[in-house]
Amino acid sequence: MRTLLLKSLLQAPLTEPAPTADDAELDRLAQSLRSAGHRRLGRSLAIREVDAGSCNGCELEIHALNNAFYDLERFGLRFVASPRHADVLLVTGPVTKNMREALERTWAATPDPKWVVAAGDCARGCGVFAGSYACVGSVAAVIPVDVAIAGCPPTPTALLKGLLALLECSDRSRA
Amino acid sequence: MAWLQQTMEHGRPVCAAAGYGRAIVDDAAWIAVAQQLASGQGSMLGLWGDGECVHLCVLQEPLIGILTHACPSRRFPAIGGLYPPALRLERAIHDLYGLEPVASPDRRAWLDHGRWGVHQPLGRNQAAAADGAPYAFHAAEGPPMHLIPVGPVHAGIIEPGHFRFTANGETIVRLEQRLGYVHKGIERIMRGATLEAAARVAGRVSGDSTVAYALAFARAVEAALGVMAPPRADWLRAVMAELERIANHLGDIGAICNDAAFALIHAHCGVLREEVLRAAETCFGHRLMMDRIVPGGISADLQPHAADALHTLIDSIGQRFPELVELYDRTASLQDRTVATGILKPALVRHYGAGGFVGRASGRAFDARKAPGYPPYADLTFDVPVREQGDVDARVWIRIEELRQSLSLLAQLLAQLPRGVVRLPPLPLARHGAEGLAVVEGFRGDILAWVRLNGDGTVAHSHLRDPSWFQWPLLEAAIEGNIVADFPLCNKSFNCSYSGHDL
Ligand code: SF4
C-alpha cells in the first residue's frame, strides 16, 4: 500500500480542467433563479441522486463524476444520502408509475430552496420508453425541473456542465 | 437418453429454429419437467408468457429446449411450489399477461404495484385503479424481532427497490425483497417495433449490460432469420463484450472495497474504469458502446487508432491491476470484512441455476461463452474461474480472475481480427412467426433472449431474461445470519440489476 500511495503522491494529478458551464443553460437558469428570489448557497451544493426508473446507464456516468478525472468535490458539489440534506435532486430515468410516489415524496422531503436536475434523455423526455403504460413520462411531468441534461447517458462532462451552470447561477444570484 | 430430449419428442414439435427446439407439452409433462428441475436434473433458463402460452426454457447440458404450455383457458399448472426459482417468474407472467399459475403458493402481484391504471397490460388490458395496492410482506414474529424497511429510494447512487429486514439485534433473520419499481413495460414497447427500434430498447434493459443485451437480441433475431453476422462483426462484438465485462468488474471490485470502507482501491479502480470507457469511446464512439450492436452485425467498424488505444489500455491495466489485487489480498482489515461474509451455498446456486460471479463463486461453472457457445469464443483460449467458498471474498476473486481472462481475450481478439464487412446487406424479411433464441454471457451472467417476428419485419414478441432473476432470491438466502451492517457489502458483491429484472 505504501508504494501505491507514494506513487500517487509523486504523480501529477489526473484531474482534468473544468469544462465551462453550458451557456444556454446558464441563461435559462439565471432567469429561474432570479424569479426564485435570493438564494444563498455559497459555492456548495449537496446533491441527492434519485433513480426514478432509469436503465442504470445514467447512474454509471453519475458515479464516474466521483473518479479522479472529474473529481466532483473540488467544485463543492457532493452527493448526500438523504433528501433532507440536499439542495439539488439529480433525477434519472423515465419516471415509472411504480416510482412516481417515491419521487414526489423525496421532493417533498427536500427542504427549500431546492433545485431539480433531470439527467439523461429519459429524464428529459422519456426516451425510448415514451408511451408505455408503465411510465409517467419525463421528470418535469411529476416535479418542477430547473436544468435538463441531454444524452443517453449524458457523459460525465455533460453532467458536470449542467451542474456547474447551476452553481454559477446560484453565485450570480447571490452577488 | 436425456429426459429433456424425451420430453421434447413426446410433445408436439413447433418451429425447430437453429440450435434449439420447441415443443408443446401437456399438464403432466409440464409438471414432470418441474420435478426433474427440482431434483437437480438440468436448470431453468427462462419462463415467460406471450399472451397465449407459457414457455419454459430448460438446459440439460448440452441440450437446450423450450417447452410450451398452451393456455386456452388462461391458466397453466404452477411449478413454483415444486421448484421455487419459478415463483417470481410465474407472478410476473400473471401480472403482465393474466395467465394464471394454478395452485401457486404465492399469489401476490410482483411487478404490478397497482399503479399502472391497467390490469394485465399485455393480456386483457383492462382499466384499473392506479392508487397503489397494499402488499402483504411476510410477517415477522416474536418479541426480540424488529423490522427495518429500506427503500425504494436508497442512500447511494443506486437503483430503487424495497428491502425489508427482520433483525434480532444486529443479526438479520430474514430479508424480503420487493422489486418492480423500475418496470418500464419493455415487452409491450417491443411489440410491433421495427428491428432497429427494438434493438435500441434491448440495449436499455440494463444499461450496465447494454452490449450483452444488444448482442443477445441481435443473435436471437439472426437465429429467427436464419442469417449469420459477418465474422469481423462477431469478433468486434466480442471486443465490446469483453470491454464491458472489464469495466463492470473494475467498478464492482472498487465499490465492494468502498463498502468495506477501503476507499483507496475504489479510487484506483475508478481511474482504470474511466480509461476503459475512454478507450471504448475512441474505438466505437460511445463510452458504454450503446447501439453499436445491431441485428446483422455492428453499426460501424472500428474508428481509426482504435487498435492502438486498445493495446495501450491492455498494457496499462495489465501493469496496474496486479498492485491492486495484491493490496486487496494483503489488507487484513478488508479481508476481515469480505471473508466468510454472505456465504451462498453451492446447492442453492445449482438449484436456481444462478450464473455469473454469483454462480461461479459457489461452484457452478456455467458460462454461455463456452456452452452453448457462440462465435468467436471457440477460436479463443480462456478459462472460466470457479470457487467453492461462496462468500463476498470469492465473488471478488471471480471478478479479478475473469478480468485477467478478459484482458487476454482482448489481446487475442486484436491479434486475429478478421478483415471484411461488419454488417450484412439489408436483412431478409422474416417468415411470419419465425422464432429465435440466444444465450449470451454478460458480465453479470447469462442473458436469454427470445424473439418471434412478424412477416413485415417487426417484432411480434420478445422476452429478455436478466441473470438477476436467479440471483436476487439467493441474496435473501446469503444474508441470513449476517449483521445488518454487512448488507451493503453482500448486496454489492451480488450487484443484481433492478432494471434488468423489472423490465
Ligand atoms: S437516458 Fe439512456 S442511459 Fe439514461 S436511463 Fe435513459 S436509456 Fe438509460
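Quick caveat, the model's predicted, so the values are computed rather than measured.

1. Focus on the overall build of chain B
Piece 1. Of the regular secondary structure elements, chain B holds 17 helices and 17 strands.
Piece 2. Here chain B has a C-alpha radius of gyration of 22 Å; the compact-globule value for 503 residues is 23 Å, and the two agree.
Piece 3. Taken along its principal axes, the extent of the C-alpha atoms in chain B is 70 × 60 × 50 Å.
Piece 4. Counting every position in chain B, which comprises 503 residues, the buried fraction comes to 62%.
Piece 5. A separation threshold of at least 6 residues defines the contact pool for chain B, and within that pool the share at least 24 residues apart is 67%.
Piece 6. Accessible area for chain B stands at about 17500 Å²; split by element, carbon and sulfur atoms hold 53% of it.
Piece 7. Distance between charge centres in chain B, computed from 46 positive and 53 negative side chains, equals 3 Å.

2. Quick word on the overall build of chain A
Piece 1. In terms of helices and strands, chain A carries six helices and seven strands.
Piece 2. Of the regular secondary structure in chain A, the N- to C-terminal order runs α-α-β-α-β-β-β-α-β-α-β-β-α.
Piece 3. In chain A, which comprises 175 residues, the share counted as buried stands at 55%.
Piece 4. In the form shown here, chain A has an accessible surface area of approximately 7500 Å², with 53% of it arising from carbon and sulfur atoms.

3. A look at the site of the ligand
Piece 1. Residues in contact with the ligand, as listed here, are Ser-54, Cys-55, Gly-57, Cys-58, Gly-120, Asp-121, Cys-122, Gly-151, Cys-152 and Pro-153 of chain A together with Arg-204 and Met-290 of chain B.
Piece 2. Neighbouring residues of the ligand are not confined to one chain but are distributed across chains A and B.
Piece 3. Elements represented by at least two residues in the shell around the ligand include exactly α3 (57-64) and α5 (121-125) of chain A.

4. Quick notes on the interface of chain A and chain B
Piece 1. Contacts between chain A and chain B engage 48 residues on the former and 52 residues on the latter.
Piece 2. Surface buried jointly by chain A and chain B totals about 4000 Å² across both partners, of which 62% is contributed by carbon and sulfur atoms.
Piece 3. It is Leu-4, Asn-98 and Tyr-133 of chain A that lose the most area in chain A upon contact with chain B, and together they represent 20% of the buried surface on that side.
Piece 4. For the interface between chain A and chain B, the tally reads four salt bridges.
Piece 5. When the shortest N-O distance is used, the salt bridge between Arg-115 of chain B and Glu-101 of chain A registers 2.4 Å.

5. Considerations on the pattern of salt bridges
If charged atoms from side chains of opposite charge come close, those side chains can pair.
Residue and element names in this part refer to chain B.
Piece 1. Applying the stated criterion to the full structure yields 35 salt bridges over all chains.
Piece 2. With a closest N to O distance of 3.0 Å, Arg-245 and Glu-242 form a salt bridge. With Arg-245 and Glu-242 both in helix α7 (residues 231-259) and three residues apart, this pair spans about one turn of that helix. Glu-242 shares its class with Arg-245; the two are buried.

6. What to know about helix α5 (residues 195-202) of chain B
Residue and element names in this part refer to chain B.
Piece 1. Of all the positions in α5, only Leu-195, Ala-198, Ala-199, Val-201 and Ala-202 are classed as buried. Each buried residue of α5 lies within a common arc of 160° when the element is viewed along its axis, so the set occupies one face.
Piece 2. The inward-facing, buried residues of α5 abut α4 (186-190), α6 (210-225), β16 (446-453) and β17 (459-465).

7. Things to note about the confidence of the model for chain A
In low-pLDDT segments, the atomic positions of the prediction should not be examined closely.
Residues and elements named next belong to chain A.
Piece 1. Overall, the predicted model of chain A reaches an average pLDDT of 86, with 84% of residues at or above 70.
Piece 2. When mean pLDDT is compared element by element in chain A, α3 scores highest at 97, while helix α2 (residues 23-35) scores lowest at 57.
Piece 3. With pLDDT under 50 throughout, residues 34-38 is counted as low confidence; its partners more than four residues away or in other chains account for one contact.

8. A short note on the sheet that holds strand β1 (residues 45-51) of chain A
Residues and elements named next belong to chain A.
Piece 1. Taken in spatial order, the five strands line up as β2-β1-β3-β5-β7 in an open sheet, and their pairing is parallel. The outermost strands of the open sheet, each flanked by one partner alone, are β2 (77-79) and β7 (147-149). Neighbour-to-neighbour, the strand axes of the sheet open up by a mean angle of 25°, direction not taken into account.
Piece 2. In the packing of helix α4 (residues 100-109) onto the sheet, the strands contacted are β1, β3 (88-92) and β5 (115-119), and the crossing angle to β3 comes to about 165°.

Reading the values: the criteria
For every chain, the first residue of the written sequence is number 1, and numbering continues from 1 onward in sequence order. The naming scheme follows written order: chains are lettered A onward, ligands numbered 1 onward. Only residues with pLDDT of at least 70 get local features here, since the model is predicted, and only at 80 or more are side-chain atom pairs given and counted; chain-wide, interface and lining totals rely on the full set of residues. Computation of side-chain values: all heavy atoms of the structure, hydrogens and water removed. Every helix listed is a DSSP run of H or I at least four residues long, and every strand listed is a run of E at least two residues long, numbered separately from the N terminus. In this description the radius of gyration comes from C-alpha coordinates, and the expected globular size is given by 2.2 Å times residues to the power 0.38. Accessible area is worked out with a 1.4 Å probe on protein chains only. A residue is then buried under 20% of its type maximum, exposed over 50%, and partly exposed in between. By definition in these notes, contact holds between two residues if any of their heavy atoms fall within 4.5 Å. Areas reported here follow the Shrake-Rupley algorithm with a probe of radius 1.4 Å; residue values treat only the protein chains shown as occluding. Counted as positive: Lys and Arg. Counted as negative: Asp and Glu, with His and the chain ends omitted from the count. Positions of charges follow a simple convention, taking NZ of Lys, CZ of Arg, CG of Asp or CD of Glu. Proximity is defined per residue: if any heavy atom of the residue lies within 4 Å of a molecule or strand, that residue is considered near it. Two parts placed together each lose some accessible area under a 1.4 Å probe, and adding up what both lose gives the buried area. Only one rule defines a salt bridge in this text: a Lys or Arg side-chain nitrogen within 4 Å of an Asp or Glu carboxyl oxygen. Our arc is simply the arc of the directions from the helix axis toward the C-beta atoms. Each residue carries a pLDDT score, the predictor's own confidence in it, on a scale running from 0 to 100. A pair of strands counts as paired when DSSP detects no fewer than two bridges linking them. Every axis corresponds to a line fitted to the C-alpha atoms, with the helix fit spanning only the stretch in contact, and the corresponding angles, defined between N-to-C directions, vary from 0 to 180 degrees.

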